[in-house]
Amino acid sequence: MAEYLKNKGCPQKDSAEHEGYAGARRSFRRIWKERNSAQPELLEKILDRNNLNRAFKRVKANKGAPGIDGRTVGETLTYLKKENHNRELVETIQRGKYRPTPVRRVEIPKPDGGVRKLGIPTVTDRIIQQAMAQQLIPLYEPLFAEGSYGYRPGRSAKDAIGKVKEYAEQGYTYVVALDLSKYFDTLNHELLLNILRRTIQDERVIQLIKRYLKSGVMENGGVMETEEGAPQGGNLSPLLANIYLNEFDQEFARRGVPCIRYADDIVLLAKSKRASKRLLETSTAYLEGKLKLTVNRKKSRTVSVFARKYFKYLGFTLGRNGNGIYIRVHRKAWKKMKETLKQLASRRHVQNIHGSLDKIKVYMRGWLNYYGIANMKNPIDDLNSWLYHRIRMCIWKHWKLPRTKVKNLCKLGVPHETAYQAGNCRRGYWWTTNTVAVKMAMTKERLTRSGFYDLAKAYQSVHVKY
């Protein structure tokens, strides 16, 4: 690998005269020497010491894995400080000689089957990409559509589903759910670079972005060229993905169509089923014709926003009752959460009660922070009782012997006769831990003091914010 990097570098040519790229016919050396007065020193702002330091801190906080060079964040910092390598890196970029390293291919399983391909850049490349993103985000934030929520400061998935609910209350009760096949892997480089040139006047920055897009992927020991796509895993990729699909957002905003997008999860809203079918046809034609993306026609559909089985957006769906329209957790997201809790509170796998309670607390705190916007008071109460029961069952099994069970029940204030009957009961764990004696000993207050995470209270404290 080291020999490859030393002798060959990146697979793309040094010249910017790559076939098919409009506006890139000048020599690369000439491009790099130009200083466009419309946007002076953008590259210099990217390479500013303070900007690079902020970028490093952000990369360090993300705790990412090493790239193909095997260097961790700490090792990269040591290397850059040694023998002025950091200054050499900046000068190499300024001269236009820097060549990004190919990304390392990693595959992670998807919840619904298949794999998601990630591209992990080296820590050095992540720092440079983050430095670029920090300077480019302020340029593009004012240009993004109002309905875009993914990878944007101050916006979240909860805001996106909240906007869908707002439109549903206005009568937009039919939705066109668009599914893009391998979106990050199919971005058209030529189209993306031409879109970037509308805003970025410093061609040196365009060429640096192009080099990252063309840096290649290392998979199974070999390096493959990348003719399309942006590696999902790079710090710059989310911004580039938003810039690319902003074309779609703005087009349908001009047509007066409510469009909500979180990264590549797109929904268009309509007031009738007939209108939603027309939208499905026109939006698919635009994505495939103008943006050269692939729409998964099997998964893309028109459906009512209240169809709990078929409408799922970012883990949420909508419901309605006498009080109006409300947000609810999709059944698949709820099922996945309950299965996780079942594993964390399994009497077969729990070795340490306090350790298990801590894991449950960490998991459910994160889950409620995301799904707390949904209306689920009664389901959460039922879940809380179920989880409380499972914790009692785990403790009961840890006590093992009947005499130990009787002894501990008596210590916790249970009359001896009642404790003896429960401790020597031959029924199963689930039945026994629902008896009066066990409930009397293991009250919710006692378990809460020991670290039990009361889901009902936690949900109320989170949901009241919405």
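**A short note on the overall build of the chain**
Per the secondary structure count, the chain includes 21 helices and ten strands. Judged by the C-alpha coordinates and their principal axes, the chain covers about 95 × 65 × 35 Å. Looking at the chain alone, contacts between residues at least 24 apart form 71% of all its contacts between residues at least 6 apart. Just so you have it, the chain exposes about 24700 Å², and 48% of that area is on carbon and sulfur atoms. Between the centroid of the 88 positive side chains of the chain and the centroid of its 44 negative side chains there is a distance of 9 Å.

**Quick word on helix H5 (residues 73-81)**
Among all positions of H5, only Val73, Thr76 and Leu80 are buried. Down the axis, H5 shows its buried residues gathered within 60° of arc, on one side only. Every exposed residue of H5 that faces more than 90 degrees away from the buried side is listed here: Thr78 and Lys81. Buried residues along H5 sit against helix H4 (49-62), helix H6 (85-94) and helix H7 (123-140). Residue Glu83 follows H5 closely and has a positive phi angle near 55°.

**Section: the packing of aromatic side chains**
According to the stated counting rule, one finds 14 aromatic pairs in the structure shown. Grouping aromatic residues by their ring pairs yields a cluster made of Phe316, Trp334, Trp367, Tyr370 and Tyr371. Cation over ring: Arg255 sits above Phe252, and NZ or CZ is 4.5 Å from the ring centre. Taking NZ or CZ as reference, Lys338 lies 4.9 Å from the ring centre of Trp386, over its face.

**Some details on the sheet that holds strand E4 (residues 217-219)**
With respect to topology, four strands assemble into an open sheet ordered E2-E1-E4-E5, the strand pairing being mixed. Each edge of the sheet is formed by a strand with only one pairing partner; in this case those strands are strand E2 (115-120) and strand E5 (222-224). Between one strand axis and the next, the sheet turns by 40° as a mean value, whatever way the strands run. Of the strand pairs in this sheet, E4 and E5 are connected by three bridges, and their pairing is antiparallel. Bridged to Val217 within E5 is Met224.

**A few points about unusual backbone geometry**
Residues other than glycine predominantly adopt negative phi, and peptide bonds predominantly adopt the trans conformation. At Lys182, a position not held by glycine, the phi torsion is positive, near 50°. Mapping Lys182 onto the fold places it in the loop between strand E3 (174-178) and helix H9 (189-197). Look at Leu314: it is not a glycine, yet its phi comes out positive at around 60°. Counting through the fold element by element, Leu314 comes out in the loop between strand E8 (301-304) and strand E9 (316-321).

**Considerations on the sheet that holds E3**
Taking strand neighbours across the sheet as the criterion, the four strands line up as E6-E7-E3-E8 in an open arrangement whose pairing is antiparallel. Because the sheet does not close on itself, it has two edges, and the strands there are strand E6 (259-262) and E8. Direction aside, neighbouring strands of the sheet carry axes that sit 25° apart on average. Across the sheet, helix H11 (residues 237-254) is in contact with E3, E6 and strand E7 (265-270); its angle to E6 comes to roughly 170°. Of the strands in this sheet, E3, E7 and E8 are in contact with helix H12 (residues 273-289), which crosses E3 at around 20°.

**Thoughts on the environment of Gly171**
Looking at where Gly171 falls in the secondary structure, it is placed in the loop between helix H8 (157-169) and E3. Placed 101 residues apart in sequence, Gly171 and Ser272 show a C-alpha to C-alpha distance of 9.0 Å. In this structure Gly171 touches Ala270 and Lys271, once residues within four positions along its chain are discounted.

**Some points on the pairing of E7**
Most of E7 is tucked away: five of the six residues are buried. Sheet topology places E3 next to E7; five bridges connect them, and they run antiparallel. Across the sheet, residue Val176 finds its bridge partner in E7, namely Leu268. Count of turn residues in the E6/E7 antiparallel hairpin: two residues, of which Ala263 carries a positive phi of about 60°.

**So, the pattern of salt bridges**
Tallied over the full model, the rule gives 15 salt bridges. When the shortest N-O distance is used, the salt bridge between Glu141 and Arg152 registers 2.9 Å. Separated by eleven residues along the polypeptide, Glu141 in the loop between H7 and H8 and Arg152 in the loop between H7 and H8 bring together distant segments of the chain. Note that Lys163 and Glu166 form a salt bridge whose closest N and O atoms lie 3.2 Å from each other. Taken together, the residues Lys163 and Glu166, both in helix H8 and three residues apart, mark about one turn of the helix. Since its relative accessible area comes to 35%, Glu166 is described here as partly exposed. Among the ionic contacts, a cluster of salt bridges with common partners joins Glu44, Asp202 and Arg204.

Analysis parameters
- Residues numbered from 1 in each chain as written.
- Predicted model: local features only at pLDDT ≥ 70, side-chain atom pairs only at ≥ 80, totals over all residues.
- Heavy atoms only, no water.
- Helix = DSSP H or I, 4+ residues; strand = E, 2+ residues; numbered from the N terminus.
- Contact = heavy atoms within 4.5 Å.
- Areas by Shrake-Rupley, 256 points an atom, 1.4 Å probe, with all protein chains shown as cover.
- Lys, Arg positive; Asp, Glu negative; His and termini not counted.
- Charge placed at Lys NZ, Arg CZ, Asp CG, Glu CD.
- Buried < 20%, exposed > 50% of the residue type's maximum accessible area, 1.4 Å probe, protein only.
- Arc of directions from axis to C-beta.
- Phe/Tyr/Trp six-rings, centres within 6.5 Å; stacked < 30°, edge-to-face > 60°.
- Lys NZ or Arg CZ within 6 Å of the ring centre and 35° of its normal.
- Pairing = 2+ DSSP bridges.
- Axes fitted to C-alpha atoms, helices over the stretch in contact; angles between N-to-C directions.
- Salt bridge = Lys/Arg side-chain N within 4 Å of Asp/Glu carboxyl O.

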